[in-house]
Amino acid sequence: MRHFLRDDDLSPAEQVEVLELAAAMKADPYGFKPLAGPQTVAIMFDKSSTRTRVSFCVGVADLGGNPLVMESSSTQAGRGEPIADTARVLGRMTSAVVWRTYNQVDLETMAEYSGVPVINSLSDDFHPCQILADWLTIKEHKGDLAGLTVAYVGDGANNMGQSYVLGAATAGMHIRIGAPDGYQPADAVVADALAIASETGGSVMLTNDPIEAVARADVVITDTWVSMGQEDEKAERIALFGDYSVTAELLSHAKPDAIVLHCLPAYRGLEIAAEVIDGPQSVVWDEAENRLHAQKAIMAWLLNH
């Protein structure tokens, strides 16, 4: 039984396979029906969502299945039922579980006891589905991923920063994280990424200098500075990350044909300037759409394994 809980759950070859499947599904949106029956996929939300909710619901339907959307607060799990018990029930009634939650360990418990593929649609530690969408987008605009330089600036300790180092290493890319001291990915995650990069030819660089991170990069990426659950820290975070905003001036240090990604929601004037996200180098709307195709691919791939 295979699950997708963090980016390195796919080997380099498997990541390529999933991305190729995503491209095929984008070209033929209704030509793949691994959930015909229809089979049901449980889609659970502990956190608010727009793109994850829409893309997984549409994706399951496109694959011939039935999306069963549940707000965790309205289930018995929201009243304290052990996750292992919920997992055992879901595994007997559904073909897969997609969960947007807080604790990575809870996803691991769900995977251990459900008996069906479990997909991390976002946790506090990782956001692997977003990385697949981003890589699909970069492939569409840049071709092969291996050897490209990708700069991520902002909060490197959040789920996106951690997924970028793992996902980029898996793809053989050179990932640079530009973040303040104390806001870099966890040491253990970086160590895992470095081990992968040693096999794929990629690399990982951590710096507190946003210009150093972005210099001659092929791709520049950022994310909100205030993730869900950090609203009380907003003023402090805005002050801390101000130098890491993706402005036209910062972007000028990247390659002239660099593309810009943001997983959304975006806050113009904070982590990214309006003239950048709405400008000619931005591919964020392709990126948002590609959540659908990438997630269809990972669902189908897991069901086949």
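Let me begin by describing the structure that accompanies this report. Computed from a prediction, not measured in an experiment: that's the story for all the values here.

## Things to note about the packing of helix α2 (residues 51-62) against helix α12 (residues 284-303)
Item 1. Remark: α2 packs on α12, axes separated minimally by 9 Å, with the N-to-C direction vectors making an angle of 50 degrees. Considering the angle they form, α2 stands oblique to α12. The way α2 lies across α12 gives a crossing that is right-handed. Where α2 abuts α12, its residues R51, T52, S55, F56, V58, G59, V60 and D62 lie against A288, R291, L292, Q295, K296 and M299.
Item 2. Per-class residue counts for the contact of α2 with α12 are six nonpolar, four polar and four charged.

## Examining the pattern of salt bridges
Item 1. This structure, assessed with the given rule, holds 12 salt bridges.
Item 2. When the shortest N-O distance is used, the salt bridge between K47 and D124 registers 2.6 Å. Highlighted residues: K47 in the loop between β1 (40-45) and α2 and D124 in the loop between β4 (118-122) and α5 (128-142), separated in sequence by 77 residues.
Item 3. Of the residues examined, K47 reaches a relative accessible area of 6% and is grouped as buried.
Item 4. Accessibility expressed as a relative area gives 35% for D124, which makes it partly exposed.
Item 5. A salt bridge links D155 to R237, with the nearest nitrogen and oxygen atoms 3.0 Å apart. A residue pair is termed long-range when its members are at least 10 positions apart, and D155 in the loop between β5 (149-153) and α6 (159-171) and R237 in helix α9 (residues 234-241) qualify at 82 residues. You'll find D155 and R237 in the same group, each marked buried.
Item 6. One salt-bridge network, held together by shared partners, links R6, D8 and D192.

Cut-offs applied
Once a new chain begins, its residue numbering starts again from 1 and follows that chain's sequence as written. Where totals are concerned, whole chains, interfaces and linings use all residues; where local detail is concerned, this predicted model gives features only for residues with pLDDT of at least 70, and gives and counts side-chain atom pairs only at 80 or more. Excluding hydrogens and water, the side-chain figures rest on all heavy atoms present in the structure. Axis definition: a line fitted to C-alpha atoms, over the contacting stretch in the case of helices. Angles run 0 to 180 degrees between N-to-C directions. Going along the chain from the N terminus, every DSSP run of H or I of four or more residues is numbered as a helix, and every run of E of two or more is numbered as a strand. For classification purposes, an angle smaller than 35 degrees is called roughly parallel, one larger than 145 roughly antiparallel, one from 65 to 115 roughly perpendicular, and anything else oblique. Should the near helix be turned anticlockwise from the far one by less than a right angle, the crossing is left-handed, and should it be turned clockwise, the crossing is right-handed. Whether two residues are in contact is decided by their heavy atoms, any of which lying within 4.5 Å being enough. Lys, Arg, Asp and Glu make up the charged group, whereas Ala, Val, Leu, Ile, Met, Phe, Trp, Tyr, Cys and Pro make up the nonpolar group; the residues left over, Gly among them, are polar. One side-chain nitrogen of Lys or Arg within 4 Å of one carboxyl oxygen of Asp or Glu is enough to make a salt bridge. Burial status follows relative accessibility: with a 1.4 Å probe on protein chains alone, a residue under 20% of its type maximum counts as buried, one over 50% as exposed, and anything between as partly exposed.

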